[in-house]
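Single-letter residue listing:
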Amino acid sequence: MLFKLAWRNLWRNKLRTGIMLGAMVFGLMGVVAMMGFLSGMYGSMIHNAIAWQTSHIQIQNQRYLDDPDIKHTVVDLAEVEKAIATLPGLKGWSARFVADGMVASARSNRGVRINGIDIEAESTVTPLAENITQGEWLSEEGRNPVLVSEKTASRLKLRIGSKVVLTFTDADGEVSGAAFRVRGLFKTPSTSFDDGNVFVRRADLTALAGIEGAHEVAILLDSDDAAMVQAKRLKEALLTTNNPINKNTNNDIGNRIRDWQQVQPMLASIINQQGLSNAIMLGIFVVAMGFGIVNIMLMSVFERTREFGVLMAVGMQKHRVFVLIMLETAWLGIAGAGLGLLASILLISVLQYTGIPLGAMAEGLGAFGVDTLLYPYVTFAEYQMIFFTVVAASLLAALYPARQILKRRPVDAMSEKH
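Quick caveat, the model's predicted, so the values are computed rather than measured.

Undergrad: So what exactly am I meant to see when it comes to the packing of aromatic side chains here?
TA: What characterises a pair of aromatic rings is the spacing of the ring centres plus the angle enclosed by the ring planes. For the coordinates displayed, the defined rule picks out 4 aromatic pairs. Here F186 and F199 contribute two aromatic rings whose centre-to-centre distance is 5.6 Å and whose plane-to-plane angle is 75°, an arrangement assigned as edge-to-face. Residue F186 is found in strand 7 (residues 175-186), and its partner F199 is found in strand 8 (residues 197-201); the two are separated by 13 residues along the sequence. Residue F186 is classed as buried on the basis of its relative accessible area, which comes to 0%. Given a relative accessible area of 4%, F199 falls into the buried group. Arranged with centres 6.2 Å apart and planes meeting at 40°, the rings of F193 and F199 form a pair that is tilted. Of the residues examined, F193 reaches a relative accessible area of 9% and is grouped as buried. By the ring-pair criterion, three or more aromatic residues cluster together here, those being W52, F186, F193 and F199.

Here it is, written out as structure tokens:
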């Protein structure tokens, strides 16, 4: 009976209730849209960082991490690759020979990271081969082919077939270099990555450097969440071998195995702070909504002071009056949260289909690896959290109006005139 009575009481003033529900619906749509936008942006950053830069797991010589000298290659690369091949959920791995150097054309030059890659292996780890905008992907044919980004090509005035000179410090500490021909141009979501990387065949680069091996091994798995577990598994597998892999001695000889969160701690902090940022946005909305509900319920309660006085005078216990007021607010919270989330789900579904073009923001966010077209998303758990938080906040906001009426004596309440 109280549930039915509370629902009817809620609609005694349809205009007031409708305005409050409308405010809750549009407020929730704004909160959910902002949460979806941030989740989509963070998700894009993490996906692109893993795809283009960190992979899920990286293996490097500890000495190379401390001092990126070209001589500090991965210890016992063959054994490392054997251990990698046994990992479950493995999509691919690629051993890279890396040198910090210069790329120069007839017009200009700039500092870059020269990545010597195995052609087939790299295509299983990064989507570079699918992001060639002009020219072709590297092949075994031809002498000294190189891939440069569209951004680098624009700055150095390059086109397909242009000659560039790559120079770096070789294993003997001497400046080494050779002429390369631009075979293809690529473009990635990260402008900083485009600005600082060129790609050549690993064999060409090791021949110039005068040293074999690789400086990093990038491993791609079928799940982001499996990276930490598989990195630990790989460490244990390599520790069983009779070599210094992953055994850091006093001279720091050995390899370091890191998952993507260790390689990019900023991404890990973003994941940890995402929940906090969502909670802050929801908290601001809930506080504003709470003041609105307090105002509405105070008006509703004071308008019916005589009515409540009569109910208490004829024997209705105060706790039942309290429950009635709380139920009215609960219905308001449930209706507002339900309608707001239904509208929000519809909005997010549309935006997931159309995407959000970033427009003028695309260039700035591109430095962080964010796609120019953003697809927001909100998880089912976040929808649940929003619903229960709004309902709980509604009930909390009703405590003060309910307390005000319960403090009145029935005879005083009946004498009130509004």
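Undergrad: Before we go on, may I ask you to explain the pattern of salt bridges in this structure?
TA: Side-chain pairs of opposite charge can arise whenever the charged atoms involved come near each other. Tallying each qualifying case throughout the model produces 8 salt bridges. We note a salt bridge from D118 to R202, for which the minimum N-O separation is 2.7 Å. Placement of D118 in the loop between strand 3 (109-117) and helix 5 (119-125) and of R202 in helix 8 (residues 202-209) is noted, with a sequence separation of 84 residues between them. We classify R202 as buried; its relative accessible area is 14%. Salt-bridge contacts for R183 lead to E136; the nearest nitrogen and oxygen are separated by 3.0 Å. On the criterion of sequence distance, the pair formed by R183 in strand 7 and E136 in the loop between strand 4 (132-135) and strand 5 (145-149) is long-range, its members being 47 residues apart. Shared partners join several salt bridges into a network, and the residues in it are R96, R113, E122 and E216.

Undergrad: Please clarify how helix 2 (residues 14-54) should be interpreted in this entry.
TA: Its 41 residues place the ends of helix 2 57 Å apart at the C-alpha level, agreeing with the 60 Å of an ideal helix rising 1.5 Å per residue. Taken from the residues just after helix 2, S55 is the one with a positive phi, measuring 55°.

Undergrad: Looking at this structure, I do not really get unusual backbone geometry. What am I missing?
TA: What you tend to see is this: most non-glycine residues have negative phi, and most peptide bonds are trans. A positive phi angle, near 55°, is found at S55, a position not held by glycine. Counting through the fold element by element, S55 comes out in the loop between helix 2 and strand 1 (57-61).

Undergrad: Any chance you could explain the confidence of the model for the protein here in plain terms?
TA: Low-confidence regions, as indicated by low pLDDT, have predicted coordinates that should not be scrutinised in detail. For the protein, the mean per-residue pLDDT works out to 84, and 86% of the residues sit at or above 70. Within the model, the stretch residues 247-252 combines pLDDT values under 50 with 13 contacts to residues more than four positions away or in other chains.

Undergrad: Looking at this model, I keep getting lost on the side chain of H215. Mind explaining?
TA: For H215, the position within the fold is in the loop between helix 8 and strand 9 (216-221). On the basis of relative accessibility, which here comes to 0%, the residue H215 falls in the buried class. Polar side-chain contacts of H215 include one of 2.9 Å to the backbone nitrogen of V98. Apart from residues lying up to four places away in sequence, H215 is in contact with I59, Q60, N61, Y64, D69, I70, H72, T73, V74, R96, F97 and V98.

About the thresholds
- Residues numbered from 1 in each chain as written.
- Predicted model: local features only at pLDDT ≥ 70, side-chain atom pairs only at ≥ 80, totals over all residues.
- Heavy atoms only, no water.
- Phe/Tyr/Trp six-rings, centres within 6.5 Å; stacked < 30°, edge-to-face > 60°.
- Helix = DSSP H or I, 4+ residues; strand = E, 2+ residues; numbered from the N terminus.
- Buried < 20%, exposed > 50% of the residue type's maximum accessible area, 1.4 Å probe, protein only.
- Salt bridge = Lys/Arg side-chain N within 4 Å of Asp/Glu carboxyl O.
- Expected span 1.5 Å × (residues − 1).
- pLDDT = per-residue confidence, 0-100.
- Contact = heavy atoms within 4.5 Å.
- Polar contact = N/O pair within 3.5 Å; in protein donor to acceptor, adjacent residues only side chain to side chain.

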